[in-house]
Amino acid sequence: MKNIAVIGAGTMGNGIAHVFAMNGYAVNLIDISQEALDRALSTITRNLDRMVKKERISEEGKAATLSNLSLITDMSKGVEAADLVVEAATERTDLKLKIFADLDAMAPAQAVLATNTSSISITKIAAATKRPEQVIGMHFMNPVPVMKLVEVIRGYATSDATTEAVMALSKKLGKAPVEVNDYPGFVANRILMPMINEAIYSLYEGVAGVEEIDTVMKLGMAHPMGPLQLADFIGLDVCLSILEVLHNGFGNPKYAPCPLLVNMVTAGMKGVKSGEGFYSYSHGTKELRVSPKFL
């Protein structure tokens, strides 16, 4: 695999494109919005500058990485020579099914089609194509350039050859791939989201405040950040979406989203991306201030 196409220039898409380009792959970063592509390039450049400053890469390495990137708004042109396509669009089932049906028609017959979904069934996505054996999950963690884990998720029809190729490719990126099977939430979010949901319930029921809950998990359980801060970082809308997938997929009330989370997302409080969640981000993310809603 030499030619990589990444669909979606948001937080995950630009991080995935960054990592592939930095490791010598030719990358087409594809988005229908030129503005989103320009923002992505700005983010990648800024992150590379930070790496140069920390002496993790050289100026030459930065230049080589940027030269490996192409920004494209036409998906058909962006995937026409792809060996691997990694979809990183918004976490909506209908959108992903449409993208994969289109990719199946546009990408070369031998191309592997991967999705960065954090919870949606790989088997369901693969069923939108005529090559389900070549469809697989590559769930990168945010921030992609920093986090080592990649969940490699096999759909019902994913072939051994596809799985082995993606596991090997992930290792070439300096990642630690873990093979898992296709059940709601996979492993990471099946364990993480109930913890976040329980933290929100603890706040909702008045057990403790925002900082207190996060402090318990940071100092008592050695988590690098508390579950409420992490929820803000992931996006409260994304957390809600994943919990709904878990709840619908298993039919188990333990996955039911906390009413507080539902209300916050409905009110537009989505965490870092909206400027306010459990914490307020109007003064930046380094100095955390509990949202006035919870004071």
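Fair warning: this is a prediction, and the values are worked out from it, not measured in the lab.

1. Comments concerning the overall build of the protein
Helices and strands together make up the secondary structure of the protein, namely 12 helices and 10 strands. Its C-alpha radius of gyration of 19 Å places the protein within 12% of the 19 Å reference for a compact globule of 295 residues. In terms of principal-axis extent, the alpha carbons of the protein reach across some 55 × 45 × 30 Å. Sequence separation of 24 or more characterises 64% of the internal contacts of the protein that already satisfy a separation of 6 or more. Working note: accessible area of the protein is about 13,900 Å², and carbon and sulfur atoms make up 54% of it. For the protein, the separation between the mean place of its 28 positive charges and that of its 31 negative charges on side chains is 3 Å.

2. Brief notes about the packing of helix α2 (residues 34-53) against helix α3 (residues 59-67)
When two helices pack together, you describe them by how their axes are tilted relative to each other and by the distance separating the axes. Two elements in contact, α2 and α3, have axes whose closest approach is 9 Å; the angle formed by their N-to-C orientations is 160°. As far as their axial angle goes, α3 and α2 are roughly antiparallel. Remark: the crossing between α2 and α3 carries right-handed chirality. Each of Leu-41, Ile-44, Thr-45, Leu-48, Asp-49 and Val-52 in α2 lies in contact with α3, whose residues at this interface are Glu-59, Lys-62, Thr-65 and Leu-66.

3. Section: the UniProt feature "domain: 3-hydroxyacyl-CoA dehydrogenase C-terminal" (unreviewed entry) in the protein
UniProt's feature table lists "domain: 3-hydroxyacyl-CoA dehydrogenase C-terminal" (unreviewed entry) at residues 185-281, given in the numbering used throughout. Between the C-alpha atoms that bound residues 185-281 there is a distance of 28 Å. The span itself is 62% helix and 2% strand.

4. Considerations on the nonpolar core
Grouped together as the largest cluster of nonpolar side chains are 36 residues, with contacts concentrated most on Ile-16, Phe-20, Val-27, Leu-84, Val-86, Met-138 and Phe-140. Broken down by element, this core gets its largest block of residues, 7 residues, from α2. With 27 residues, the next largest nonpolar core counts Ile-196, Leu-230, Leu-246 and Leu-260 among its residues.

5. Topic: helix α11 (residues 236-250)
Here α11 is 15 residues long and its end C-alpha atoms lie 21 Å apart, about the 21 Å a rise of 1.5 Å per residue gives. Listed in full, the buried residues belonging to α11 are Leu-236, Cys-239, Leu-240, Ile-242, Leu-243 and Leu-246. Buried residues of α11, viewed axially, fall in a sector of 165°; they line one side. The inward-facing, buried residues of α11 contact α8 (188-204), α10 (227-234) and α12 (259-266).

6. Quick notes on the domain arrangement of the protein
How big an interface is tends to be stated in terms of the accessible area lost upon association of its parts. Taken domain by domain, the protein comprises domain 1 (3-181) and domain 2 (189-288). With 6 residues of domain 1 at the interface, the matching set in domain 2 holds 5 residues. For the domain 1 and domain 2 pair, buried surface summed over both sides reaches about 470 Å², with 53% attributable to carbon and sulfur atoms. Summed over the shared surface of domain 1 and domain 2, the number is 0 salt bridges.

What counts as what
Residues numbered from 1 in each chain as written. Predicted model: local features only at pLDDT ≥ 70, side-chain atom pairs only at ≥ 80, totals over all residues. Heavy atoms only, no water. Helix = DSSP H or I, 4+ residues; strand = E, 2+ residues; numbered from the N terminus. Rg over C-alpha atoms; globule rule 2.2 N^0.38 Å. Contact = heavy atoms within 4.5 Å. Areas by Shrake-Rupley, 256 points an atom, 1.4 Å probe, with all protein chains shown as cover. Lys, Arg positive; Asp, Glu negative; His and termini not counted. Charge placed at Lys NZ, Arg CZ, Asp CG, Glu CD. Axes fitted to C-alpha atoms, helices over the stretch in contact; angles between N-to-C directions. Parallel < 35°, antiparallel > 145°, perpendicular 65-115°, else oblique. Left-handed = near helix turned anticlockwise from the far one by under 90°. UniProt positions renumbered as here; feature names shortened; annotations may be inferred. Core = buried A, V, L, I, M, F, W, Y, C linked by side-chain atoms within 4.5 Å. Buried < 20%, exposed > 50% of the residue type's maximum accessible area, 1.4 Å probe, protein only. Expected span 1.5 Å × (residues − 1). Arc of directions from axis to C-beta. Domains from an automatic or database assignment. Buried area = accessible area lost by both parts, 1.4 Å probe. Salt bridge = Lys/Arg side-chain N within 4 Å of Asp/Glu carboxyl O.

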